[in-house]
Amino acid sequence: MKTVTHAPADPRPAGVGTRVAHESAAQHVTGEALYTHDLATRDKSSLHAWPVQSAHAHALVTKLNTDEARKVPGVVEILTADDVPGLNDAGVKHDEPLFPSEVMYFGHAICWVIGETAEAARRGAEAVEAEYEPLPSIVTLPEAIDAARFQGPQHVMERGEPNEALEKATHRFRGTFEFGGQEHFYLETHASFARVDESGQVLVNSSTQHPTETQEIVAHVLGLSSHEVTVQSLRMGGAFGGKEMQPHGLAAVAALAAVRTGRPVSLRLTRTQDITMTGKRHPFHAEWDIGFDDQGRITGLDATLTADGGWAMDLSEPVLSRAMCHIDNAYMVPNIHVHGRIAKTNKTSQTAFRGFGGPQGMLVLENILGRCAPLLRIDAGELRRRNFYQPGDTTPYGQLVRHAERLPDIWGTLSERADVVRRKAEIAEYNAAHTDTKRSLAMTPVKFGISFNFAAFNQAGALVHVYKDGSVLINHGGTEMGQGLHTKMRQVAATTLGVHLDRVRLAPTRTDKVPNTSATAASSGADLNGGAVKNACEQIRERLAQVAGGIFGANPHDVRFEDDGVAALGKDPVPFEEVVSDAYMQRVQLFAAGYYRTEGIHWDSSTMHGSPFKYFAYGAAATEVEVEAFTGSYRVLRTDIVHDVGDSLSPLVDVGQIEGGFVQGTGWLTLEELRWDTSDGDRRGRLATQAASTYKLPSFSELPEEFNVHLYERATETGVVYGSKAVGEPPLMLAMSVREALRTAVEAFGPEGAEVDLGCPSTPEKVFWAIQEVRGAEPEGESERAEQEKEEVGTAPGAGPQAAKPEPATDAEGHQATSPVKTGRPPQSPQPETESV
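What you are looking at is a predicted structure, and each value in this text was computed from that prediction instead of being measured.

A.B. asks: Sorry, what's going on with the overall build of the protein here?
C.D. replies: For the protein, the helix and strand inventory stands at 21 helices and 30 strands. A globule of 837 residues ought to have a C-alpha radius of gyration of about 28 Å, and the protein, at 29 Å, matches this closely. Expressed as a percentage of the 837 residues in the protein, the buried residues total 59%. Within the protein, counting contacts between residues at least 6 apart in sequence, those at least 24 apart form 80% of the total. Carbon and sulfur atoms provide 50% of the accessible area of the protein, an area that totals close to 31900 Å².

Structure, rendered in structure tokens:
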């Protein structure tokens, strides 16, 4: 296998480095692009599946009677645990019963009704009689922490002497921080379409990011071997990690129904079913203790990260691991101790989401720096810059931070391109002239590691066919969810073979073409599959070079493939298809299986030490906002981004990914708030935000009014396909600049040096309460002066008039809230606290 190399100096038309449209863009906008459920609607013999969902957060199923449901017109079959011929489990850790006898969250499906139509199946589901024995439930992270209800192993990552460093720190602060999850809200909900052929082969079309794992789960539920099940992923209407693990059980239900009925079966969740049944981004709780020296450099950090895993493990362990590995973000922390644990709650099993724990870890330290900057009397941007990694530095887990010099270079480039100095001066003038609106500009960096935490997943395969007419067909193991992977793979093949892009076609991803594939996740799709496609094309090109050498009477090493032709030194080129035709007549193999494995990575999960990432993707964003005091509403006035994608495989695709990732991150940090019922009533554990009417998604109105994206130059990444870098996940974290701009805008409403306690997601409501608090803060020096006056008059600490202790906060039904709430805050928005030590 050849080493992947740098991008060609002069990319061929539509090859690597060329701005081309997404390969399915025309079909997307015209509606011609087919998705999984479209295949089902074209088959008039297809049956439809509908779930029977529990109305309890935690309960035993004491009775399940399907007799009346079977009498409903159009109902064909009702699937229960008794119908499973293999393993009744939908997960790889065997902790997710496909048909549970104990429901673990509100909306848990206990059985499935199969009908001639979706409406018939729905009516049948309503007729199923189920009885439950309710059990105690834990819904919130604080409840789980208080009850010490955790699942899976707990890990520690440590370097240096954090306790000693904290004791000796010039400045030391402690606090807690809790922030929420995020609904994937892909355009296409989960969908599967299964059929069985005349030989018993099970074919499942699934909207899945991980066809191989879907294949394995379907096989073990049906009691079959993997070669008896084929999974195809045609394309997905969005996924963002939500279709990495969660489709498996749904595909298994469709496949089981197809086996039981002998007919094709379609399973497509409604939007409400999708939101109430599938996992989200993991909410996190953090406890932290940090020290700084007199220059504002971090000397030590002690943190405990608790992820809300929901009812089952799913991918919570690797998500937590990545969060721990990204708590440093772009900053050198010489002495550090991080403890990670996974809470078990009675909610949907939380799962992968773009960034896979990295955003949660990075947010913790960015929040700390934003909180501590005014207490240190240092500008937040300057505090960040002073703590950047330097060349030669290593991460807390022991990996060298290669190309660390790019961080200050990107920072400086961004500052110059965004005209930060001039604009900050204008913002200061604006704020001085306006009492009830304030503006702010904040800059935040990103350092994101690329590779799977699990080393075995860092491999990929491809199968490339060259036909006698010179056309090319690619099969690879990656899936297309709108991110442009197939577009990049066509460009890689076209560049490697030296042909025009219109010669290259991509086949749907299928497990019977490329086996044992990894999920399209961890931003590694282009790296892994691009390496495999390139390897396969190189094998074919070498064989063709031998043939062309004979045609030209030249050494095969002197043969060049470019501009849709083949040439040798001093010879006129011949068409590519002519050389292919000659190769066929000479019985030369015109197809190849390509393979790629990421070199140089190793990881010991027990010690949290090693080099788990092939490289780091860097970037920075500068965002200006305007905040209005009366409602806490705000506008994002302008965002400038400089991002490192190496030598871009497809610049138009990459810029789109950066823009989309930034907007999605802005949604998570400022708008999207998942609300579960935490009362003790019948609806405890029910997700209240079940639709776009109650769950606020970013829209055109939340876009920056001016949005500038610049791809960092001189950024070749050696050892990766054509010198490129991943772009799927890293840009999401650029949105931290929006939240930090909101924080510093709120600071402008209060006295100098006032700390801003800003909840997350930083909705207008939370911004409003933060403004109220900072406006009530004492001016700098006032508290010290008051204490001095107390001592002068002999007042004992704590004596004198006291504000009445607030009553415990209660919800709408009068039940006491889980966490204490500060006076002046709404009960549903408890805020973290920081204390200076």
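From this point, things continue past the structure.
A.B. asks: Looking at this structure, I do not really get empty space enclosed by the protein. What am I missing?
C.D. replies: It is the rolling of a water-molecule-sized probe over the atoms that shows where space remains empty. Summed over the entire model, instances satisfying the criterion amount to seven cavities of 30 Å³ or more. Here the largest cavity is characterised by a volume of approximately 320 Å³. Every residue lining the largest cavity is counted, 18 residues in all, and those nearest its centre are Ala-90, Glu-96, Tyr-105, Leu-250 and Met-277. Those elements giving two or more residues to the lining of the largest cavity turn out to be β5 (109-115) and α8 (247-261). Ranked by residue count, the leading element in the lining of the largest cavity is α8, at three residues. For the lining of the largest cavity, a count of residues per class yields eleven nonpolar, five polar and two charged.

A.B. asks: Which parts of the structure should I look at to understand the pairing of strand β28 (residues 634-643)?
C.D. replies: Every regular strand shows the same layout, with side chains that alternate between the two sheet faces. In terms of burial, β28 is a largely internal element, nine of the ten residues being buried. Where strand β27 (residues 615-628) meets β28, nine bridges bridge the pair, whose relative direction is antiparallel. Residue pairing for β28: Thr-623 is matched across the bridge by Thr-639. Pairing geometry for β28 and strand β29 (residues 706-711), over six bridges, is parallel. From the neighbouring strand, His-643 faces β29, where its bridge partner is Leu-711.

A.B. asks: Help me out: how do you make sense of the pattern of salt bridges in this one?
C.D. replies: Side chains that differ in sign of charge can pair as their charged atoms come close. What the rule picks out here adds up to 55 salt bridges. A salt bridge links Lys-424 to Asp-379, with the shortest nitrogen-to-oxygen separation between them at 3.7 Å. Here Asp-379 lies in the loop between α11 (358-376) and α12 (380-386) and Lys-424 lies in helix α14 (residues 420-433), a separation of 45 residues in the sequence. Owing to a relative accessible area of 44%, Asp-379 belongs among the partly exposed residues under this scheme. Close ionic contact of Glu-740 with Arg-743 constitutes a salt bridge, the shortest N to O distance being 3.0 Å. Of this pair, Glu-740 and Arg-743 are both found in helix α19 (residues 736-747), three residues apart, which corresponds to roughly one turn of the helix. On the accessibility criterion, Glu-740 (2% relative accessible area) is buried. Its relative accessible area of 0% is what places Arg-743 among the buried residues. Salt bridges here are not isolated pairs; linked through shared partners, they connect Glu-366, Arg-384, Arg-739, Glu-740 and Arg-743.

A.B. asks: Would you mind going over unusual backbone geometry with me for this structure?
C.D. replies: In terms of backbone geometry, most residues other than glycine have negative phi values and most peptide bonds are trans. With an omega of 10 degrees, the peptide bond running from Cys-760 to Pro-761 counts as cis. For Pro-761, the location among the structural elements is in the loop between α19 and α20 (764-775). Positive phi outside glycine occurs at Ala-522, with the angle close to 60 degrees. Examined against the element boundaries, Ala-522 turns out to sit in the loop between β20 (509-510) and α16 (525-552). The exposure class assigned to Ala-522 is buried, which follows from its relative accessible area of 9%. In this structure, Arg-714 is a non-glycine residue whose phi angle is positive, near 55 degrees. Within the secondary structure, Arg-714 is located in the loop between β29 and α19.

A.B. asks: Help me out: how do you make sense of the packing of helix α15 (residues 485-497) against α16 in this one?
C.D. replies: If you want to describe how two helices pack, look at the angle between their axes and the distance between the axes. Contact pair α15 / α16: the axes reach a minimum separation of 9 Å and the direction vectors enclose 30 degrees. It follows from the interaxial angle that α15 and α16 lie roughly parallel. In this structure, α15 meets α16 at a crossing whose hand is right-handed. Along its contact with α15, which presents Leu-485, Lys-488, Met-489, Val-492, Ala-493, Thr-496 and Leu-497, the element α16 presents Gly-525, Ala-526, Asn-529, Gly-530, Val-533, Lys-534, Cys-537, Glu-538 and Arg-541. By residue class, the composition of the contact of α15 with α16 is eight nonpolar, four polar and four charged.

A.B. asks: What am I meant to see in the side chain of Arg-281 here?
C.D. replies: By secondary structure assignment, the location of Arg-281 is in the loop between α9 (271-277) and β13 (284-292). Among buried charged residues, Arg-281 stands out as having no salt bridge; its nearest opposite-charge side chain is Glu-729, 7.5 Å away. Once you skip the residues sitting within four places of it in the chain, Arg-281 turns out to touch Gly-181, Gln-182, Thr-351, Phe-353, Arg-354, Pro-359, Gln-360, Trp-668 and Leu-732.

A.B. asks: Explain the environment of Asp-308 to me, please; I cannot follow it from the model alone.
C.D. replies: By the element assignment, Asp-308 lies in strand β14 (residues 298-308). Take Asp-308: its relative accessible area is 0%, and that puts it in the buried class. Along the primary structure Asp-308 and Ala-343 are separated by 35 residues, whereas in three dimensions their C-alpha atoms are 4.9 Å apart. In terms of polar contacts, Asp-308 uses its side chain to reach the backbone amide nitrogen of Gly-310, at 3.1 Å.

A.B. asks: Hey, could you run me through the sheet that holds strand β23 (residues 574-575) in this one?
C.D. replies: Sheet strands pair via backbone hydrogen bonds, and the direction of the pair is either parallel or antiparallel. With respect to topology, three strands assemble into an open sheet ordered β21-β22-β23, the strand pairing being antiparallel. Since the sheet does not close on itself, it has two edges, and those belong to β21 (559-562) and β23, each with one partner. In this structure, strand β22 (residues 565-568) lies alongside β23, joined through two bridges in antiparallel fashion. Bridge assignment links Gly-565 to a residue of β23, and that residue is Pro-575. Here α16 sits on the sheet in contact with β21, β22 and β23, set at roughly 120 degrees to β21.

A.B. asks: Explanation requested: the sheet that holds strand β24 (residues 591-597) in the structure shown.
C.D. replies: Pairing within the open sheet is mixed, and its four strands lie in the order β19-β18-β17-β24. If you trace the sheet from one side to the other, it starts and ends with β19 (504-506) and β24, each paired once. Strand-to-strand twist across the sheet, computed as the mean angle between neighbouring axes with direction ignored, equals 25 degrees. In this fold α15 packs onto β17 (459-466), β18 (472-476) and β19, with an angle of close to 130 degrees to the strand it touches most, β18.

A.B. asks: How do you make sense of the side chain of Ser-207 when you look at a structure like this?
C.D. replies: Within the secondary structure, Ser-207 sits in the loop between β10 (202-206) and α7 (211-222). A polar contact is formed between the side chain of Ser-207 and the side chain of Lys-243, at a distance of 3.0 Å. The residues contacting Ser-207, other than those within four sequence positions of it, are Thr-36, Glu-188, Ala-191, Met-236, Lys-243 and Pro-247.

A.B. asks: Help me out: how do you make sense of α8 in this one?
C.D. replies: An α-helical turn contains 3.6 residues, so any two residues separated by three or four positions project in the same direction. Taking 1.5 Å of rise per residue, 15 residues should cover 21 Å, and α8 covers 21 Å from first to last C-alpha, within 8% of that figure. Within α8, twelve of the 15 residues are buried, which leaves it mostly tucked inside the rest of the structure. The complete set of buried residues in α8 reads Pro-247, His-248, Gly-249, Leu-250, Ala-251, Ala-252, Val-253, Ala-254, Ala-255, Leu-256, Ala-257 and Ala-258. Buried residues along α8 sit in contact with β3 (75-79), β5, β9 (191-196), β10, α7 and β12 (265-268). Where α8 ends, the next residue or the one after it, Gly-262, has phi of about 75 degrees, a positive value.

Definitions and cut-offs
Residues numbered from 1 in each chain as written. Predicted model: local features only at pLDDT ≥ 70, side-chain atom pairs only at ≥ 80, totals over all residues. Heavy atoms only, no water. Helix = DSSP H or I, 4+ residues; strand = E, 2+ residues; numbered from the N terminus. Rg over C-alpha atoms; globule rule 2.2 N^0.38 Å. Buried < 20%, exposed > 50% of the residue type's maximum accessible area, 1.4 Å probe, protein only. Contact = heavy atoms within 4.5 Å. Areas by Shrake-Rupley, 256 points an atom, 1.4 Å probe, with all protein chains shown as cover. 1 Å grid on protein atoms, 1.4 Å probe; cavity = no way out; pocket = protein on both sides within 12 Å on 5 of 7 lines; lining within 4 Å. Points joined across faces, edges and corners; volume = space filled by probe spheres on them. Nonpolar A, V, L, I, M, F, W, Y, C, P; charged D, E, K, R; others polar. Pairing = 2+ DSSP bridges. Salt bridge = Lys/Arg side-chain N within 4 Å of Asp/Glu carboxyl O. Axes fitted to C-alpha atoms, helices over the stretch in contact; angles between N-to-C directions. Parallel < 35°, antiparallel > 145°, perpendicular 65-115°, else oblique. Left-handed = near helix turned anticlockwise from the far one by under 90°. Lys, Arg positive; Asp, Glu negative; His and termini not counted. Polar contact = N/O pair within 3.5 Å; in protein donor to acceptor, adjacent residues only side chain to side chain. Expected span 1.5 Å × (residues − 1).

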